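Residues per chain, in single letters:
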Amino acid sequence: QVQLVESGGGLVQPGGSLRLSCAASAASGSIFSINGMGWYRQAPGKERELVAIITSGGSTKYADSVKGRFTISRDNAKNTVYLQMNSLKPEDTAVYYCNADVAALVDGNFHIDDYWGQGTQVTVSS
């Protein structure tokens, strides 16, 4: 089974910064490659929305609401994606989820699947 483990959420004042990390690992196998990786968020009472995505080649796409404030990056050697969030606003408050399209050998079987992390809470409040 492939797992995505997120870290870096927390409480921050408006205008502050946070950096989220998400590391992919295969508990009983190995990861061959990871194509797209991304961050999504879900605020209370709202649907989950795309925040930013990055391809294996480094191309990026951002939601209009975070352009110029958030930066997505990845370390392919560590199977990790990051989200640097600056100039945070109260409306950025949400649970942030990591997503990755992973090719892995698990329990002797080759899989290509889409995986989600467990989510990390980001709260922007004074």
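Q: Honestly, the overall build of the chain in this entry has me stumped. Any pointers?
A: Counting secondary structure elements, the chain contains zero helices and eleven strands. Helices (α) and strands (β) of the chain occur, in sequence order from the N terminus, as β-β-β-β-β-β-β-β-β-β-β. Against the 2.2 N^0.38 benchmark of 14 Å for 126 residues, the chain shows a C-alpha radius of gyration of 15 Å, consistent with a compact globule. Taking the principal axes of its C-alpha atoms as reference, the chain extends roughly 50 × 25 × 25 Å. Here the chain holds 126 residues, and the buried ones make up 40% of them. When contacts within the chain are restricted to residue pairs at least 6 apart in sequence, those whose partners lie at least 24 apart make up 57%. Summed over its atoms, the accessible surface of the chain is roughly 6,500 Å², and 47% of this surface lies on carbon and sulfur atoms.

Q: What exactly am I supposed to notice about the pairing of strand β4 (residues 29–42) here?
A: Residues in a regular strand project their side chains so that they alternate between the two faces of the sheet. Sheet analysis places β4 next to strand β9 (residues 94–106), joined by eleven bridges and oriented antiparallel. Residue pairing across strands places S30 opposite L105, the latter belonging to β9. Linking two consecutive strands that pair antiparallel, namely β4 and strand β5 (residues 49–54), is a turn of six residues; a positive phi of about 80 degrees is found at G45 within it.

Q: Just to check I follow, could you spell out the pairing of strand β3 (residues 18–26) for this structure?
A: Relative to β3, strand β1 (residues 2–7) runs antiparallel, the two sharing six bridges. By the bridge assignment, S7 is partnered in β3 with S21. Where β3 and strand β8 (residues 80–85) come together, six bridges link them in antiparallel fashion. Among the inter-strand pairings, L20 is bridged to a residue of β8, identified as L83.

Q: Can you help me understand the state of the cysteines in this one?
A: Any covalent bond linking the sulfur atoms of two cysteines counts as a disulfide. Taken as a whole, this structure holds one disulfide when the rule is applied. At a sulfur-sulfur separation of 2.1 Å, the disulfide partner of C22 is C98. Note on the C22 and C98 pair: the S-S dihedral is about -80 degrees, so by sign convention the disulfide is left-handed. Of this pair, C22 sits in strand β3 while C98 sits in strand β9, and the two are 76 residues apart along the sequence. Just as C22 is buried, C98 falls in that class too.

Q: Would you mind going over the nonpolar core with me for this structure?
A: Generally speaking, a soluble globular protein has its nonpolar side chains buried in company with each other. W39, L83, M85 and Y96 are the most contacted members of the largest nonpolar core, which has 35 residues in total. Contributions of two or more residues to this core are made by β1, β3, β4, β5, β7 (70–75), β8, β9 and β11 (120–124). Dropping the residues within four chain positions of it, L83 is found in contact with L18, R19, L20, W39, V51, A52, F70, T71, I72 and Y96.

Q: Looking at this model, I keep getting lost on the pattern of salt bridges. Mind explaining?
A: Two side chains that carry opposite charge are able to pair once their charged atoms sit near each other. Counted according to the given criterion, the structure contains four salt bridges. A salt bridge links R41 to D92; its shortest N-O distance comes to 3.0 Å. Of this pair, R41 sits in strand β4 while D92 sits in the loop between β8 and β9, and the two are 51 residues apart along the sequence. Of the residues examined, R41 reaches a relative accessible area of 6% and is grouped as buried. Residue D92 is classed as buried on the basis of its relative accessible area, which comes to 0%. Within the structure, one salt-bridge network assembled from shared partners comprises R41, E49, R69 and D92.

Criteria and cut-off values
Residues numbered from 1 in each chain as written. Predicted model: local features only at pLDDT ≥ 70, side-chain atom pairs only at ≥ 80, totals over all residues. Heavy atoms only, no water. Helix = DSSP H or I, 4+ residues; strand = E, 2+ residues; numbered from the N terminus. Rg over C-alpha atoms; globule rule 2.2 N^0.38 Å. Buried < 20%, exposed > 50% of the residue type's maximum accessible area, 1.4 Å probe, protein only. Contact = heavy atoms within 4.5 Å. Areas by Shrake-Rupley, 256 points an atom, 1.4 Å probe, with all protein chains shown as cover. Pairing = 2+ DSSP bridges. Disulfide = S-S within 2.5 Å. Core = buried A, V, L, I, M, F, W, Y, C linked by side-chain atoms within 4.5 Å. Salt bridge = Lys/Arg side-chain N within 4 Å of Asp/Glu carboxyl O.

Just geometry here; none of it tells us what the structure is for.
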